[in-house]
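# Observations on the model geometry
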Amino acid sequence: MRVLIVGNGGREHALAWKAVASPQVEKVFVAPGNAGTMTEKHVENIPVKADDIDGLISAAISKQVDLTIVGPEAPLVDGIVDRFSEAGLPCFGPRSGPAQLEASKSFTKNFLDRHQIPTASWRSFTNAEHAREHVFAHALPLVLKADGLAAGKGVIIAHTQVDALNAIDEILVDQRFGDAGQTLVIEEFLEGVEVSFICVASGTQVIPLATSQDHKAREAGDKGPNTGGMGAFSPAPNVDPTLHKRIMDEIINPTVRGLAEEGMPYLGFLYAGLMIDPNGNPKVLEFNCRLGDPETQPILMRLQSDLIALCISAIEGRIDDFSLEWDSRYALGVVMVADGYPGDYPRGDEIHGLDQIDSPNIKVFHAGTRTEHHKILTDGGRVLCVTALGHTLIDAQKNAYRGVGSVQWPGAGWRPDIGWRAV
Ligand code: AMP
Ligand code: GLY
């Protein structure tokens, strides 16, 4: 089989690495990929961007691709799966209809309310004056969200009225998020512990992946600005079997059943961002219509089953009899970032030391990297995710940081405490 992975991050490197390990796969293409995917055996980068759906269809046809797996949300929201299906090309991911779970917060909140799935109470606004009146009439903190895709930057937690009013101005008046901020959602602030819960869905069938937890803040101790994710580990010890069952019964199953009932059956990875309140009740913060990055890297490092067989079973609507095997060890990934990230950062610095890592328990997944004259250069904010296995979370952490210690470029940064809440 020939497989195409769409995207260029650490998540897509991990997908390509796992896809090529499948006994049924002869070749993997990544569009556009990075320096890490380029150097994997039997993997080839194709210079087509993830949002160029026409270009991806042409590439899938000319390379005789049997299965496409889409990494990032933007092409899914733009209907890549609908377009591939029209062209007769098998593609793993949700169509644009159910991908609204990530693309529109008001769609999701309305959907959750219709199906009585627990979430923070909320209201949506297009009029700034009405939004201000809502703020004056409600207790703080409040959470203000641009309705659409805003690259993780469209959520403001307002602890003061001034913060809330500024957020209203930014989103509705100044339109800082463009079309994504035509509508503003204001919701209740939920206290508790955050959990990421990722599964594979196919119609009304669901198979959960191993649990994981990421670290979104840039600095140690979960301080500093929010990022796409500075590290992650799997499994997440705070999701015990009781909570796992509640999440499946109260959130995941009602969600996929509800979508199917509404004529939008979900196929693909479904990522639920949840808040577990102090009484242990799970509530939905958000959905993503894709795998998490960097959660994917530790999750796939532990996956022993055939990823490609899983995706094909899902496309064919028969994951109910699929059982996933996991390495019983922990996996932990530390993201190495360019100086200045998540603000402005330089590109083009040469990365040294990658060849010093030869342990089978450590894998460096590339994100923002490219090659030039046989050198590997930085080419993004999140550059690498050094991921390692260990018999305990502490062992996995030690191994990952040993890997991090071998790699250098000027200004490289990372959090020194990935996994701290759990160890
Ligand atoms: P979202 O993109 O909706 O997941 O929001 C990004 C982050 O904001 C989440 O990971 C939470 O840390 C936080 N957040 C979002 N909604 C709420 C809420 N209702 N209560 C507390 N924190 C929230
Ligand atoms: N790591 C969070 C995300 O992928 O959305």
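Look up a bit, the structure's there.
Let's shift gears to the overall build of the protein. From N to C terminus, the protein includes 13 helices and 22 strands. By the compact-globule yardstick of 22 Å for 423 residues, the protein fits well, its C-alpha radius of gyration being 21 Å. The principal-axis extents of the C-alpha atoms in the protein amount to approximately 60 × 45 × 40 Å. Of the contacts made within the protein by residues no fewer than 6 positions apart, 68% connect residues no fewer than 24 positions apart. Summed over its atoms, the accessible surface of the protein is roughly 17,200 Å², and 48% of this surface lies on carbon and sulfur atoms. Each charge sign in the protein was given a centre, from 37 positive and 54 negative side chains, and these centres are 3 Å apart.

What follows covers the layout of surface pockets. Rolled over the atoms, a probe with the dimensions of a water molecule shows which regions are left empty. One number sums up the size of the second largest pocket: a volume of about 380 Å³. Contributing to the lining of the second largest pocket are 19 residues, with Thr-39, Leu-354, Asp-355, His-366 and Ile-376 lying nearest its centre. Every element with two or more residues in the lining of the second largest pocket is listed here: β19 (362–366) and β21 (375–378). Top contributing element to the lining of the second largest pocket by residue count: β19, with 4 residues. Residue composition of the lining of the second largest pocket, grouped by class: 6 nonpolar, 8 polar and 5 charged.

For the rest of this paragraph, the subject is the nonpolar core. Counting residues in each nonpolar core, the largest one holds 49 residues, and the members touching the most others are Leu-4, Ile-80, Phe-84, Leu-101, Ile-252, Leu-274 and Phe-287. Looking at this core, the element that brings in the most residues is helix α10 (residues 241–261), giving 7 residues. When near neighbours in sequence (up to four residues on either side) are disregarded, Leu-101 contacts Phe-107, Thr-108, Phe-111, Thr-255, Leu-259, Tyr-266, Leu-270 and Phe-287. In this structure, Ile-198, Met-301, Leu-303 and Leu-324 belong to the second largest nonpolar core, which totals 37 residues.

Around ligand 2 sit Asp-214, Lys-216, Gly-228, Tyr-271, Asn-288, Arg-290, Gly-292, Asp-293, Pro-294 and Glu-295, and those are all the residues in its vicinity. Asp-293 places a polar main-chain atom, nitrogen or oxygen, 2.9 Å from an oxygen atom of ligand 2. Coverage of ligand 2 by the protein chains reaches 90% of its 190 Å² of free accessible surface. Grouping the amino acids of the shell around ligand 2 by side-chain chemistry returns 2 nonpolar, 3 polar and 5 charged.

Rules of the game
- Sequence order as written defines residue numbering, which begins from 1 separately in each chain.
- The naming scheme follows written order: chains are lettered A onward, ligands numbered 1 onward.
- The predicted origin of the model limits local features to residues at a pLDDT of at least 70 and limits the giving and counting of side-chain atom pairs to 80 or more, whereas totals for whole chains, interfaces and linings rest on all residues.
- To get the side-chain values, all heavy atoms of the structure are used, and hydrogens and water are removed first.
- To qualify as a helix, a DSSP run of H or I must reach at least 4 residues; to qualify as a strand, a run of E must reach at least 2; elements of each kind are numbered from the N terminus.
- Every radius of gyration here is taken over C-alpha atoms, with the globule rule written as 2.2 Å times N^0.38, N being the number of residues.
- In what follows, residue pairs with any heavy atoms lying within 4.5 Å of each other are defined as contacts.
- To be clear on the numbers: accessible area is Shrake-Rupley with a 1.4 Å probe, and residue cover counts the displayed protein chains and nothing else.
- We count Lys and Arg on the positive side and Asp and Glu on the negative side, and we leave His and both chain ends out.
- By convention, the charge on Lys lies at NZ, on Arg at CZ, on Asp at CG and on Glu at CD.
- Cavity and pocket criteria rest on a 1 Å grid covering protein atoms alone: a 1.4 Å probe that fits but cannot get out defines a cavity, protein on both sides within 12 Å along at least 5 of 7 lines defines an open pocket, and an atom within 4 Å of a point defines a lining residue.
- Grid points are joined across faces, edges and corners, and a volume is the space filled by probe spheres set on the points.
- All amino acids are sorted into three groups, where Ala, Val, Leu, Ile, Met, Phe, Trp, Tyr, Cys and Pro are nonpolar, Asp, Glu, Lys and Arg are charged, and the leftover types, Gly among them, are polar.
- Throughout, nonpolar core names a set of buried Ala, Val, Leu, Ile, Met, Phe, Trp, Tyr and Cys residues whose side chains join them through atoms within 4.5 Å.
- The rule is simple: take the accessible area with a 1.4 Å probe, protein chains only, and divide by the maximum for that residue type; under 20% is buried, over 50% is exposed, in between is partly exposed.
- One heavy atom within 4 Å of a molecule or strand is enough for the residue carrying it to be called near that molecule or strand.
- Definition of a polar contact: a pair of N or O atoms within 3.5 Å, with one able to donate and the other able to accept a hydrogen when the atoms are protein atoms, and with sequence-neighbouring residues admitted only if both atoms are side-chain atoms.

In short, the description is geometric, and any link to function would need to be established separately.
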